[in-house]
Amino acid sequence: MPRPVYEERDLEAMGAAPGYARWIHEAVKPALGASILEVGAGSGNLSRVLLETGIRDLVCLEPSLNLHPALQNAVASDPRCECRAETLAQLPPSYEGRFDTVLYINVLEHIEDDAGELVRAARFLKSGGQLGIFVPALRWLYGTNDRAVGHFRRYQKPDLGAAVQAAGFHVTRLHYFDVAGVLPWWFLFRVLKLRAVN
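Chains are numbered independently. Their residues run from 1 in the order of the written sequence. Per-residue local features are limited, in this predicted model, to residues with pLDDT of at least 70; the limit for side-chain atom pairs, both in listing and counting, is 80 or more; totals at the level of whole chains, interfaces and linings are taken over all residues. Hydrogens and water are ignored here; the side-chain numbers use all heavy atoms of the structure.

1. Some words on the overall build of the chain
Here comes step 1: A count of helices and strands for the chain gives eight helices and five strands.
Here comes step 2: Every helix listed is a DSSP run of H or I at least four residues long, and every strand listed is a run of E at least two residues long, numbered separately from the N terminus. Tracing the chain from N to C terminus, the helices and strands come up as α-α-β-α-β-α-β-β-α-β-α-α-α.
Here comes step 3: Residue burial in the chain is summarised as follows: out of 198 residues, 45% are buried.
Here comes step 4: Residue pairs in contact within the chain that sit at least 24 positions apart in sequence constitute 67% of those at least 6 positions apart.
Here comes step 5: When the accessible surface of the chain is split by element, carbon and sulfur atoms take 56% of a total near 10,100 Å². Note on classification: 1.4 Å probe, protein chains only; a residue is buried when its accessible area is under 20% of the maximum for its type, exposed when over 50%, partly exposed between these limits. Every residue pair with non-hydrogen atoms within 4.5 Å of one another is taken to be in contact. The Shrake-Rupley method, run with a 1.4 Å probe sphere, supplies the accessible areas, and residue values consider only the shown protein chains as cover.

2. Focus: helix α2 (residues 20-28)
Here comes step 1: The complete set of buried residues in α2 reads Ala21, Ile24, His25, Ala27 and Val28. Buried positions in α2, seen along its axis, are confined to an arc of 160 degrees and lie on one side of it. Think of it as the arc spanned by the lines of direction from the helix axis to the C-beta atoms.

3. Comments concerning the side chain of Ser35
Here comes step 1: Tracing the backbone through its elements, the reader meets Ser35 in strand β1 (residues 35-39).
Here comes step 2: Residue Ser35 is classed as buried on the basis of its relative accessible area of 1%.
Here comes step 3: Here a polar contact means two N or O atoms within 3.5 Å. Within protein one must be a hydrogen donor candidate and the other an acceptor candidate, and residues neighboring in sequence count only if both atoms are side-chain atoms. Side chain to side chain, Ser35 and Asp57 meet in a polar contact 3.0 Å long.
Here comes step 4: Beyond its immediate sequence surroundings of up to four residues, Ser35 is in contact with Arg56, Asp57, Arg98, Phe99, Asp100 and Thr101.

4. Section: the confidence of the model for the chain
Here comes step 1: A residue's pLDDT is the predictor's confidence in that residue, given on a scale from 0 to 100. Overall, the predicted model of the chain reaches an average pLDDT of 84, with 80% of residues at or above 70.
Here comes step 2: Contacts for the low-pLDDT stretch residues 8-16, under 50 throughout, to residues beyond four places or in other chains number 15 contacts.

Below, the structure is given as structure tokens:
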């Protein structure tokens with residue numbers, strides 16, 4: 001199966017934004033355990049922050065041909081970290097039941113079969129393990145930028161909660177972030193139909 005190339009530059013922009021990865025880390029911190037699987041780790045912006053926190057081990061999945069080398073450069077020198085150029089569907093069964101936490105940070109919206117992906121994620125968690133998800137919100141905000149960066153959808157809280165529960169998880173925390181950004185996003189990408197990256 002040919003490996004994809006992620007051509008958009010939103011990850012570079014987010015990586016350059018001061019504090020963005022740390023802000024995300026604080027958002028998912030309640031779900032973090034000692035052993036973490038980060039699905040779609042991109043160029044390693046969050047991965048570096050996770051490794052600063054004293055976790056035991058981190059497996060980073062990034063199938064994109066152009067992002068995987070940057071991920072390796074960012075974190076591969078840490079012996080606790082393993083970088084794999086795979087999707088979750090390609091991860092060997094030997095990893096099943098290994099992790100305290102599986103993370104999807106700005107990733108699930110890129111996966112067409114998100115329901116199937118969540119079912120797969122459950123198999124890689126230990127009993128009592130936790131799933132951490134951070135996704136773009138509000139279906140009515142879906143616009144030019146979402147299409148440009150390969151998003152299949154944006155999420156409403158009830159829909160995401162139902163999908164997570166259907167995969168066998170119990171929802172412990174589900175809320176919106178950055179409410180102040182809703183109106184500017186709507187104006188830029190729904191009204192003016194701009195793109196944030198090129």
